[in-house]
Amino acid sequence: MTVWTWFEDRWHAGNPPIMGPMDHGAWMASTVFDGARAFEGVTPDLDKHCQRLGASAVEMGLQALHRPEELEELCLEGVAKFEKGTALYIRPMYWAAAGFVDADPETTRFCLAVYESPMPDPKGIAITQSPFRRPSPESAPTRAKAACLYPNSGRALREARQRGFDNAVMLDMVGNVSELATANIWMVKGGVAYTPIPNGTFLNGITRQRVLQLLRSAGVEAVECSLTYADLAGADELFSTGNYAKVQPVTRIGERNLQPGPVYARARELYWSWSHGAL
């Protein structure tokens, strides 16, 4: 895997050391990041990912050292180091170097990693309900894309895979569907697309927001509301949205098999057309 990393005002080939054992980000978990994609010669919503990184930094008590426009330019500089059309993951990060428990914002550090990451084939995934739940805003920094939130998602993913599934449906603290461990979840019933309404327990994903807008603009009814796992289990279609895989079908929930449906196909088609400038 080829990696280029921007750190301390220059590009490094590979994976340079960026933290020491005394860095706050290494032992007190002040790291925030964002993830964007480059594929097929496009970088959809890169500006929004750069904006969200700054918002995450402020939410975690860090400084946003770069204006979104500056960060976007730097990301594109990294993309240009690869052959055009290479599927890439674009991951800028902030963290604090100092502070005890609370991060010292004056010591905020930055790096950007751009690396090869193939786009997954839309072959479908199997999902199950996780025994682990997403925290509420009162119990974790859920409004930030914070690294400290991901071990909880990681254990949900690990437990699901041990039972033969690819991903896990995580509920919020009152028992409604929040999201998958690694992506936002959608269901279709009677031709209507439904997705959990943002309630502070999960990020309102950038790809999620884009697909919601595209479906509505195309005349597909798309509703944000509270959903239960039973709703998902009885759906006509299920699919996911997220930066890593974009729009993917769910082909099994529990022991029930599903086929990729027309609303999923329309969502994927619309996203690809928009991202390539055809809409």
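Below or above, wherever it landed, is the structure these notes cover. Note that the coordinates shown come from a computational prediction; the quantities given were computed from them, not determined experimentally.

Each helix and strand counted, the chain has seven helices and 15 strands in total. Computed over its C-alpha atoms, the radius of gyration of the chain comes to 19 Å, within 12% of the 19 Å expected for a compact globule of 279 residues. Relative to its 279 residues, the chain shows a buried fraction of 52%. Contacts in the chain between residues at least 24 apart in sequence constitute 69% of all its contacts with a sequence separation of at least 6. Total accessible area on the chain is roughly 12700 Å²; 52% of this is exposed by carbon and sulfur atoms. Counting 27 positive and 31 negative side-chain charges, the chain places the averaged centre of each group 5 Å from the other.

Per the counting criterion, the structure on display carries eleven salt bridges. Ionic pairing is found between Arg143 and Glu59, a salt bridge with its closest N-O pair at 3.3 Å. One end of the pair, Arg143, is in the loop between strand 7 (125–133) and helix 4 (150–162); the other, Glu59, is in helix 2 (residues 46–59), and 84 residues separate them in sequence. Between Glu69 and Arg67 there is a salt bridge, with its nearest N and O atoms 3.2 Å apart. A relative accessible area of 47% means that Arg67 is categorised as partly exposed. Here the salt bridges share partners, and the residues they tie into one network are Arg67, Glu69 and Glu70.

Tracing the backbone through its elements, the reader meets Ser130 in strand 7. Overall, Ser130 belongs to the buried group, its relative accessible area being 4%. Remark: the alpha-carbon pair of Ser130 and Ala181, spanning 51 residues in sequence, is separated by 8.8 Å. At 3.0 Å, the side chain of Ser130 and the backbone nitrogen of Phe132 are in polar contact.

Further remarks concern helix 3 (residues 68–79). For helix 3, with twelve residues, the first-to-last C-alpha span of 16 Å sits near the 16 Å given by 1.5 Å per residue. Regarding helix 3, the residues found buried are Leu71, Leu74, Cys75, Gly78 and Val79. Looking straight down helix 3, one finds its buried side chains confined to an arc of 145°; they lie on one side. On its buried face, helix 3 sits against strand 1 (3–7), strand 2 (10–13), strand 4 (36–38), helix 2, strand 5 (88–96) and strand 6 (108–116).

The next point concerns the nonpolar core. Core analysis: the largest hydrophobic core is formed by 28 residues, its most contacted members being Val32, Leu62, Ile90, Phe110 and Leu112. At the level of elements, strand 4, helix 2, helix 3, strand 5 and strand 6 are the ones that each hand at least two residues to this core. Grouped together as the second largest cluster of nonpolar side chains are 21 residues, Phe39, Met119, Trp186 and Leu212 included.

Turning to the pairing of strand 5, a few remarks are in order. Counting buried residues in strand 5 gives eight out of nine residues, a clear majority hidden from the surface. Summarising the sheet, strand 3 (residues 32–33) and strand 5 pair through two bridges and their orientation is antiparallel. Note that in strand 5 the partner of Val32 across the bridge is Tyr94. Direction of pairing for strand 4 relative to strand 5: antiparallel, over a ladder of three bridges. Residue pairing in the sheet places Ala36 in a bridge with Ile90 of strand 5. Strand direction decides the pairing type here: strand 5 and strand 6, joined by nine bridges, are antiparallel.

To continue, consider unusual backbone geometry. One non-glycine residue, Glu40, adopts positive backbone phi at about 50°. The residue Glu40 is located in the loop between strand 4 and helix 2 in this model. Here Glu40 falls in the partly exposed class, since its relative accessible area comes to 46%. Of note in this structure, Asp45 is not a glycine but carries a positive phi near 55°. Relative to the elements of secondary structure, Asp45 occurs in the loop between strand 4 and helix 2.

Moving on, we come to the packing of helix 2 against helix 3. Geometrically, a packed helix pair is captured by the angle between its two axes and the distance between the axes. The N-to-C vectors of helix 2 and helix 3 enclose an angle of 125°; their axes lie 9 Å apart at closest approach. It follows from the interaxial angle that helix 2 and helix 3 lie oblique. Crossing of helix 2 against helix 3: the hand is right-handed. Contacts between helix 2 and helix 3 involve Leu46, Asp47, Cys50, Gln51 and Leu53 from the first element and Pro68, Leu71, Glu72, Cys75 and Leu76 from the second.

What counts, and at which threshold
- Residues numbered from 1 in each chain as written.
- Predicted model: local features only at pLDDT ≥ 70, side-chain atom pairs only at ≥ 80, totals over all residues.
- Heavy atoms only, no water.
- Helix = DSSP H or I, 4+ residues; strand = E, 2+ residues; numbered from the N terminus.
- Rg over C-alpha atoms; globule rule 2.2 N^0.38 Å.
- Buried < 20%, exposed > 50% of the residue type's maximum accessible area, 1.4 Å probe, protein only.
- Contact = heavy atoms within 4.5 Å.
- Areas by Shrake-Rupley, 256 points an atom, 1.4 Å probe, with all protein chains shown as cover.
- Lys, Arg positive; Asp, Glu negative; His and termini not counted.
- Charge placed at Lys NZ, Arg CZ, Asp CG, Glu CD.
- Salt bridge = Lys/Arg side-chain N within 4 Å of Asp/Glu carboxyl O.
- Polar contact = N/O pair within 3.5 Å; in protein donor to acceptor, adjacent residues only side chain to side chain.
- Expected span 1.5 Å × (residues − 1).
- Arc of directions from axis to C-beta.
- Core = buried A, V, L, I, M, F, W, Y, C linked by side-chain atoms within 4.5 Å.
- Pairing = 2+ DSSP bridges.
- Axes fitted to C-alpha atoms, helices over the stretch in contact; angles between N-to-C directions.
- Parallel < 35°, antiparallel > 145°, perpendicular 65-115°, else oblique.
- Left-handed = near helix turned anticlockwise from the far one by under 90°.

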